[in-house]
Structures are given as C-alpha cells and as structure tokens.
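If you want the building blocks of each chain, they are given just below.
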Amino acid sequence: MSPSLLFVGAGPRTLGVLDRLSAHASTSDRQVDVHVVDPFPPGAGRIWRADQHPLLWMNSRAADVTVLPDETSSLAGPLRPGPTLYAWLAEHRHALAAEFAATGQQALHEEVLGVHEGTFVSRALGSRYLSWAWQHVLEELPPTVRVHTHATRVVDLDGTGRQRVVLEDGTELAVDAVVLAQGHPDVVPGPREVAAREFADRHGLRYVDPGYTSDLGLTEDERTLPPGADVLVAGMGLAFVDLVVLTGQGRGGRFSEGPEGLVYHRSGREPVLHVGSRRGVPYRSKITYGLDQRPTLPRFFTAALLPDTGRPLNLRADLWPLVAKELAGAHYAELFRAHAGRTALPAEEFDRRFADAAWGSAELDDLVAAAVPDPADRLDLHRLDRPLDGCWAASGQEVHEKVHRHVAADVARRADPAYSMDAAVFHALLSCYVTVAGLAHAGRLDEQSVVEVDGWWHGFFSYVASGPPPRRLRELLALADAGVVRFLGGDVHFAPDEVGQCWTARSANSPDVVSAAVLVDARLPEARITASADPLLHRLTDRGEVSELGNGRLVVDAGQRLVHADGTVHERRFALGPWVAGGGWAAAFARPGLDAGFFRLNDRVAQALLRVPGEAVSVVGPRAASTAPSRRTEPAR
C-alpha cells in the first residue's frame, strides 16, 4: 500500500527531508502521499518568514548558506545538487530587483542589487531563497509523490500503528508516520519569568520575557522601552544584536563613516541599554577572509581515537582533551605554515612533539612557550572563552571601556589574515562539532554529556564560530560611543529590588550597581518540552508519549524516532530540529563544500520514512488545501 507521511512544520528541515525523500522515491514505483502542516509559508516557516524587519540579517554570508545538497554530499540516494543562497541570488538578481521595484519594496530592491558572496543578507531576502527552494523541490518530485499543504497547526496525535492526526481547523488525517519538525516552538513562562512578571506588575515596572526579537514589536512599541529610559539587558548573544538593531536604526538612528570609524547619529527615540552576561562580551566576530589552504581535519579528534572506556563517553572528561588538541593543532599548523617568521622551532620538530604530548601537560605548555615567542600567537582556550575572568575594575566605567577595547580588538583581529590561525580554529571547531553530534546521535555519550551538547558545548561553538557579522559589532561600538549602549561586564547578577522598587544589575568585574525600571531577557526561550506552548507537544507530554533530558529537549533513538517516558520507542514518529536532544541547536541550513551532516541526517530520515508500511489514506472533516507538484517556470519566485 502507498505510505502516507505527515510533517509538523514547513521550515528548512522539512524542506531538506522532502528533497531527499523525493530523490529516493524517484528510484521506485511506490506511491507516497506527504502532508505538511504549518500556518506559516512552506520553505521558510515561522522563523525565516518574509515579513520581518528588513534590518534583521541572516547570520551567515550568502555564499555560506545552502539548503540543498552539493557535490561534496555523501548521500545514499541520487544526488541532486542545488545552488547556494548567493548562487541563486546572482542568477535571479535582476528579476528579483524588478519585482521589488514594482511592488514598492525599495529596501529589498537596493539590497539584492548589492549582494555579493560575503554579504549577510536580510532574513526577508533569505526567505525568498527558501520559498524558491520549496517550489524547486516540488517541481522535482517524481509522479509517484504527492504533497498536500495545510495552513494550520497539528493539535493532537494518537495511535501505535496508523496515526490519527487532528488539525486545528477540524481536519483529521490518518497517516502512516509523523515527523515533528516544528523548529523553535514557543514556551509558557517558567517560574523565573512568572516571578519577574509579578514583580514588575506589582511595582509598575517593565519586563520583557525571552522571545524571538522579531516577534516582540520593540521597534514600534516605545511604551515598553521608552526613549531615553535606562534598560537592563540580560544576554549578549544574537537576540541582543537584534534588540540593538531594532531599538537603534529601527527607530530612526543612522550610521556614517567618520575619520575615526563608524559614527552613530541618534534619533532621540533610543533607550539606553545597560548590557551584561556570563561572559560579559558579545559573540566573536565572523571571520571575513578565507584560508588559501584549509587544515587537515580531523587529526586528533575522531571517533576511532576515542578511549575504550567500556561505558558511555563523557563530553568534558573524554572528549574535551581531544577537541582542545584538535583546535590547537589546527592553530599551530597554520601559524607555522603561513607565519613561520613568528615561530622559533622547525615546523616538523614542533609538529612531531606536539602530536606526542598530552593536552594540558607541562610538556605541551613548555613546547608552545619555546616555539611561539609572542603570547598573542598562542591559543589560550580559557582566555578565548572567558576574556574577563579575573578582571576587577574600580568602576563600571572602567569595565565599559575594557569591553569596548575587547570588541574593537576582536573585530580587527578577525578581519586580519595575519591571524589566520583563527580561521584554522574555526574550521577545526566545525569538524569537532560534527564529530560530537555524530557521537550523540549514535548514543555513545552519557546523559549529562547529551545535555551539555545542547548547553555548554553549543554555547562555546556559537560564541567562537557563529557570532555576528563584523559590521554589527562595529555598529555596537558606535552605539556605545554615542551613549546608547553601556557594557556592564561579566557574571552579571540581575535581580529585583523590593526596597528600591527597581531592577538591579551587578557585575563580578566592578563594585557598581546599576538600577532601572526595565529589564529585558535578551535570550531565546529555553527549550523545555514540558513547558512548551505547542499544543501537540503539550498533549504528548501529558500522556508520556515523549520524554525529555535534563535540558528539556526531546529524546530520540539513533534513528530519530521518539522515545516515550517509559523508554519504549515509537516506530512511526520521528523528530528533527533544535528541540531534539544531542545535536546542539540543529542548524536550519548547511555550509556548502563540507559534506554537511545536515544532508546526511535528512537522507537517513527520508529512507526510514519510505520503509514505513503503508495503508489506505483517509481524511475526515474539512478538506485542507492540497498543493500538487507545481511546474512553475519563473525561477525568481
């Protein structure tokens, strides 16, 4: 019988699995019905939808984004390569520009004409690529595969064999397998957020919960963040970058180039943001140059080199020493290759002794000290991760200036090929990230380590390798010079003050205490399945049909199938994406040219779905909109 499949969510992950499902189905005569349920547009989904503020950018260069496989992808089925975001924009630049001009979208018209390989395009423009990719996948479907889209939500799901799926519009579907791919579902406020909201309401203060900045309306809503008001901001990650953009430029401020660098011109509508976090500094700047020779990877951290402990592996005890050596090995190999004049030993001798020395040993430390005279050329992973550790200043102003200098130095260094060792570390970290994710998916890590893959490890990776575009950090410095942003430092404690009836912030780096009437939690919502606002996840949790780790993420087996609270595996339910344990916050895209695990995982899941036994398809209740494979020929759309 023909299998019928249902995807909960229509974002990039569903797009990727559907592409691989189509490729495999093209080699068979078996009929397949696919239902895709999402109230947001297919391809982009909610997070990457087009109706976002045009000032909000994607966080990768146009040439580094692809949602379709390339020639390096090692896949089991037929390989059908597709263009990167930049290649697609370059091919359809003029058609898109004409369309944007005709529809009055001036910002997008100007943007698409200026896009080059290194551009960080707006999410609105990136959304068009995803919409095109969705249509492209539909057009490539074999005649045996039919896709039906439903612009609504899934609210319930039951069945051990055939699955009964209930949609919010009243439709009921009977399908053979279900894939949960909701992306980033909302969460209900936890105890911390509820207490903060109650404190704010009691004293007439303001509190902004964790959320997706583009959904908070902070550009237009000047009651929550009033012009000129002091605002405490907890968090310096990418949600903070969006906050700064929307309350600065988004409210009419502008930048110009001055003799000393970028200058911010205030509109008068900006709040004053006093920002701090655990590290006390923003994520490291994106590197803006490429290596003429990438490091040989992996070398010190592969699954084959892991110790045979006879037990599940621990991320910090068993993996981190090898990860650290991989990063350092790439760093020093590039230093000796490209900047030999800054070294004091023959490259071959250093490499041999480095390979033999254990990470963290006195032998290795002595070798580096003898071979690399300038400390600025050595890799200090702790200092890289926590640059303000041990810093104590006499005042908050001194800390602000120290963070300012740190950001300026980081932007300069990450744009300077004289420190190409940083780019080598970036590539090594990508390699390590893939290996760690593979070990987690294979079930080789202990439970605490699986939690830390999505927590500490992913946080370290994001901070070092997935920071903001350098332009955003230059803007941050200009905003600080204009008095719109104030840096508080690291290990900041944000707290309610019942006596003073205000919010307070105190950093471990200075004695100053800053108070304000507004607190913004500039973080993405903490992913906890038990606190999900998604009605389907809520019901599955109540019935014990999903389980979560200590970090709140869904537990799946090695085949991405859902694990129940009692430890049993549901053979017909799968889950993919950032709320699935063990893979970090799964990326929505892949980086081309690297045989990305994104595509291999999509490929495996597609094959598993096609192996599910099929029965007759049935639909009960209101008929949902059905989209047959389109044969549109206008590629720019």
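Small disclaimer: the values here were computed from a predicted structure and weren't measured. (Residues numbered from 1 in each chain as written. Predicted model: local features only at pLDDT ≥ 70, side-chain atom pairs only at ≥ 80, totals over all residues. Heavy atoms only, no water.)

(A) Region of the structure containing the packing of helix 11 (residues 396-414) against helix 14 (residues 470-481). Orientation of helix 11 relative to helix 14, taken along the N-to-C sense of each, is 155°, at an axis distance of 10 Å. On the basis of the axis angle, helix 11 is roughly antiparallel to helix 14. The two elements helix 11 and helix 14 cross, and the hand of that crossing is left-handed. Residue-level contacts link His400, His404, Val407, Ala408, Asp410 and Val411 of helix 11 to Pro470, Leu473, Arg474, Leu477, Ala480 and Asp481 of helix 14. (Axes fitted to C-alpha atoms, helices over the stretch in contact; angles between N-to-C directions. Helix = DSSP H or I, 4+ residues; strand = E, 2+ residues; numbered from the N terminus. Parallel < 35°, antiparallel > 145°, perpendicular 65-115°, else oblique. Left-handed = near helix turned anticlockwise from the far one by under 90°. Contact = heavy atoms within 4.5 Å.)

(B) Highlighting the side chain of asparagine 509. Following the sequence through the fold, asparagine 509 ends up in the loop between strand 15 (502-506) and strand 16 (513-516). At a separation of 3.0 Å, a polar atom in the side chain of asparagine 509 contacts the main-chain carbonyl oxygen of cysteine 391. Residues contacting asparagine 509, with those up to four places away along its chain left out, are Leu388, Cys391, Trp392, Ala393, Val399, Gly489 and Gly490. (Polar contact = N/O pair within 3.5 Å; in protein donor to acceptor, adjacent residues only side chain to side chain.)

(C) Representation of the pattern of salt bridges within the structure. By the definition in use, this model includes 45 salt bridges. The salt bridge partner of arginine 46 is aspartate 215, with a shortest N-O separation of 2.7 Å. Linking arginine 46 in the loop between strand 2 (32-37) and helix 2 (85-102) with aspartate 215 in the loop between strand 8 (206-208) and strand 9 (230-234), this pair joins segments that are 169 residues apart in sequence. Close ionic contact of glutamate 168 with arginine 153 constitutes a salt bridge, the shortest N to O distance being 2.8 Å. Here arginine 153 lies in the loop between strand 3 (145-150) and strand 4 (154-158) and glutamate 168 lies in the loop between strand 5 (163-167) and strand 6 (172-175), a separation of 15 residues in the sequence. Judged by relative accessible area, which is 45%, glutamate 168 ranks as partly exposed. Overall, arginine 153 belongs to the partly exposed group, its relative accessible area being 33%. Salt bridges sharing common partners tie together Arg46, Arg49, Asp51, Asp186 and Asp215. (Salt bridge = Lys/Arg side-chain N within 4 Å of Asp/Glu carboxyl O. Buried < 20%, exposed > 50% of the residue type's maximum accessible area, 1.4 Å probe, protein only.)

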